[in-house]
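# Breakdown of the fold
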Amino acid sequence: MNDLSAAFTSAVALITNLDAELLAIIGLSLRVSLSAVALAALIGLPLGAAVALSSFPGRGVVVALLNALMGLPPVVVGLLIYLLLSRAGPLGEFGILFTPAAMVIAQTILVAPIIAALTRQVVFDLHAEYDEQLRSLQIGWWHALATLLWEGRYSLLTALLAGFGRASAEVGAVMIVGGNINHVTRVMTTTIALETSKGNLSLALGLGFVLIALIVAVNAAALALQKFAQRAHG
Amino acid sequence: MAYVQSAVPSRSIFPLDLRNVCYSKAGQSLITDITVTLQARGRTIVMGPNGAGKSLLMRLCHGLIRPSAGQVNWSSEQRHAQAMVFQTPVLLRRSAIKNVEFALRATGARARDRRELAEAALQQAGIAHLAHRQARVLSGGEKQKLALARAWSIRPQILFLDEPTAHLDPSAVYAIEQMIKSIDEQGTKIVMSTHDLSQAQRLADEVLFLHQGKLVEHAAALVFFEQPHTPAAQAFVNGELYWE
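Note that the structure is a prediction, hence the values are computed from the model and not measured. (Residues numbered from 1 in each chain as written. Chains lettered and ligands numbered in written order. Predicted model: local features only at pLDDT ≥ 70, side-chain atom pairs only at ≥ 80, totals over all residues. Heavy atoms only, no water.)

### A word on the overall build of chain B
Helix and strand content of chain B: eight helices and nine strands. Against the 2.2 N^0.38 benchmark of 18 Å for 244 residues, chain B shows a C-alpha radius of gyration of 18 Å, consistent with a compact globule. Oriented by its inertia axes, the alpha-carbon framework of chain B measures out at about 55 × 40 × 35 Å. In chain B, buried positions account for 55% of the 244 residues. Contacts in chain B between residues at least 24 apart in sequence constitute 70% of all its contacts with a sequence separation of at least 6. Summed over its atoms, the accessible surface of chain B is roughly 11,000 Å², and 48% of this surface lies on carbon and sulfur atoms. Here chain B contributes 27 positive and 21 negative side-chain charges, whose respective centroids are spaced 12 Å apart. (Helix = DSSP H or I, 4+ residues; strand = E, 2+ residues; numbered from the N terminus. Rg over C-alpha atoms; globule rule 2.2 N^0.38 Å. Buried < 20%, exposed > 50% of the residue type's maximum accessible area, 1.4 Å probe, protein only. Contact = heavy atoms within 4.5 Å. Areas by Shrake-Rupley, 256 points an atom, 1.4 Å probe, with all protein chains shown as cover. Lys, Arg positive; Asp, Glu negative; His and termini not counted. Charge placed at Lys NZ, Arg CZ, Asp CG, Glu CD.)

Here it is, written out as structure tokens:
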């Protein structure tokens, strides 16, 4: 119990003293996760909207697949990316294994299906409401897609946040493709795992607090934005 | 206010010719063998009790749904010559004026003309003062005026109105009716559905009366209201229930 309270106190001290190592790890974590979410948004938003607006044979299978991919096991994704990027792999020549770029790729693959699946649902619901009006105005398919994405912008923020939550809390894939190298690819989650195994609970706890605070803050901001949007736009 | 030319060059799309139009869904016949020709002038009111097929007929004419059988023919094909206002207005999450500009952009109107055309449409609807208010927080009557302004902004040759005053209070109904008359006077053909008899009497030049998906009467308004021919129309005009 004393060890635990000592670890807790020292974790708080690390945060309040703005410990340089802690800040570096937080900084890298945010860069990797935000980059992954941005890339996943570029893929997932148009993909989800396109599936919502299209009708083609096998659409149900695509929707089921998108939903299933939300539960992709991170370690499996990590392993596949590892195999692709390793020296003997097809993309080995780029030499990005054990770099933040590899971690971004892995997280993008994990997050894109989440954003795509949630986007599909949002846009599908909006399409039911707007379809006749857009067709009456003779709005083309691409214009309709862009319009519905814009109309659903506040709901889609939730999809992006879900993606950010997944990316920032992810450990398996980034551990495999990043290698958890100190000052290079060590992020909050991999540090927590490592420091816990070493018995260094203060840094692990400190990062745990920051990680939770970050996710709570981001979600609170999103909720506030949605409430503001509801009041302002109806 | 400067006169702004229509965004769409006009070549008449009239007459609108429906030939043996049928529409079925899930094995149920909802529109049965409707043949009618609509000319460019005169306000056409589509009447009938709930479930008669008024909204379906409007959507078939406007091209939002395809007939199961028969043909809907316009004398010429022209983009943006038609517009429709729905019973529940569907407005975008943006300001009133940007809703109108959205419709104008789809017609290919030049960017510098869009604002002027949109302002003219809002002026016409009497809601110029609401131009920069968010569309979806407007009152029901204001929303419907905006929907009407948006539809009219592209200067369509024909405007379909699907029970546009169904949920509005009397003052809003009056304002919408005045706007419909004004749009008609400016040369846009009005085809409007309603089950409100007194509103039909105020607005109609001709009446299409539907009953159970069939067009049972097509007559000049005076003739229809004075001497309806079919038992279904007689019962409707007299405010009675009618079973077949």
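### Re helix H2 (residues 20–53) of chain A
For H2(A), with 34 residues, the first-to-last C-alpha span of 48 Å sits near the 50 Å given by 1.5 Å per residue. Maximal helix bending in H2(A) amounts to about 30°, located at A:Ala41. (Expected span 1.5 Å × (residues − 1). Bend = angle between axes of the 7 residues up to and from the residue.)

### Focus on the state of the cysteines
Residue and element names in this part refer to chain B. As enumerated under the stated definition, the model contains zero disulfides over all chains in all. Free of any disulfide, cysteine 22 has its nearest neighbouring cysteine sulfur in cysteine 61, separated by 14 Å. By relative accessible area, which is 6% here, cysteine 61 ends up buried. (Disulfide = S-S within 2.5 Å.)

### Details of the pairing of strand E2 (residues 28–38) of chain B
All names here are of chain B. As paired strands, strand E1 (residues 16–25) and E2 are joined by seven bridges and run antiparallel to one another. For valine 21, the partnering residue across the bridge sits in E2 and is isoleucine 34. Taking the residues that link successive antiparallel strands as the turn, the E1-E2 hairpin has two residues, and the phi of alanine 26 there is positive, at about 50°. (Pairing = 2+ DSSP bridges.)

### Here we look at the environment of A:Val62
Residue and element names in this part refer to chain A. The topology assignment puts valine 62 in helix H3 (residues 59–69). Taking the relative accessible area as the measure of exposure, valine 62 reaches 29% and is therefore partly exposed. Between the alpha carbons of valine 62 and alanine 116 there is a distance of 11 Å; along the sequence they are 54 residues apart. The residues contacting valine 62, other than those within four sequence positions of it, are Val51 and Phe56.

### Here we look at the pattern of salt bridges
This model, assessed by the stated rule, comprises 15 salt bridges over all chains. In this structure, A:Asp131 and A:Arg135 form a salt bridge, with 3.3 Å as the shortest nitrogen-oxygen distance. On the criterion of helical spacing, the pair formed by A:Asp131 and A:Arg135 is a turn pair, its members being four residues apart in helix H5 (residues 100–136). On the accessibility criterion, A:Arg135 (37% relative accessible area) is partly exposed. Linked through salt bridges whose partners overlap, the residues forming this network are A:Glu132, B:Arg59 and B:Asp162. (Salt bridge = Lys/Arg side-chain N within 4 Å of Asp/Glu carboxyl O.)

### Here we look at the nonpolar core
All names here are of chain B. Within the largest apolar cluster, 81 residues are counted, with the highest numbers of intra-cluster contacts made by Met47, Leu146, Leu148, Leu159 and Phe224. Every residue in contact with leucine 148, bar those within four places of it in the chain, is listed here: Val85, Leu159, Leu161, Ile176, Met179, Ile180 and Ile183. Within the second largest apolar cluster, 27 residues are counted, among which are Leu18, Leu64, Phe86 and Val191. (Core = buried A, V, L, I, M, F, W, Y, C linked by side-chain atoms within 4.5 Å.)

### Quick notes on a nonpolar patch on the surface
There is a patch of nonpolar side chains on the surface, built from A:Val75, A:Val76, A:Leu79, A:Leu80, A:Tyr82, A:Leu83, A:Phe98, A:Ile181 and A:Val184 and spanning about 730 Å² of accessible area. With a relative accessible area of 34%, A:Ile181 lands in the partly exposed category. (Patch = residues over 30% accessible without salt bridge, like charges linked within 9 Å, V, L, I, M, F, W, Y side chains within 5 Å.)

### Some points on the sheet that holds E1(B)
All names here are of chain B. Taking strand neighbours across the sheet as the criterion, the three strands line up as E2-E1-E4 in an open arrangement whose pairing is antiparallel. The two strands at the open ends of the sheet, each matched to only one other strand, are E2 and strand E4 (69–74). Across the sheet, the axes of successive neighbouring strands diverge by a mean angle of 20°, strand direction being ignored. Against the sheet, helix H1 (residues 54–62) makes contact with E1, E2 and E4, and its axis sits at roughly 120° relative to E1, the strand it touches most. (Axes fitted to C-alpha atoms, helices over the stretch in contact; angles between N-to-C directions.)

### Structural notes on the interface of chain A and chain B
Counting residues at the interface gives 20 residues for chain A, matched by 23 residues for chain B. Counting each side, the surface lost to burial between chain A and chain B is near 2,000 Å², with a carbon and sulfur contribution of 49%. Summed over the shared surface of chain A and chain B, the number is four salt bridges. B:Arg94 is paired through a salt bridge with A:Glu151; the nearest N and O atoms lie 3.3 Å apart. (Buried area = accessible area lost by both parts, 1.4 Å probe.)

### Some words on the pairing of strand E6 (residues 158–162) of chain B
Residue and element names in this part refer to chain B. Burial of E6 is extensive: five of the five residues sit out of reach of the surface. Of the two faces of E6, the one holding Ile158, Phe160 and Asp162 and the one holding Leu159 and Leu161 are both buried throughout. Here four bridges tie strand E5 (residues 82–85) to E6, and the two strands are oriented parallel to one another. From the neighbouring strand, methionine 84 faces E6, where its bridge partner is phenylalanine 160. With five bridges joining them, E6 and strand E7 (residues 189–194) adopt parallel strand pairing. When the sheet's bridge partners are listed, phenylalanine 160 is paired in E7 with valine 191. In the classification by handedness, the crossover that spans E6, the intervening helix H5 (residues 170–185) and the parallel E7 is right-handed. (Right-handed = clockwise from strand over helix to strand, strands pointing away.)

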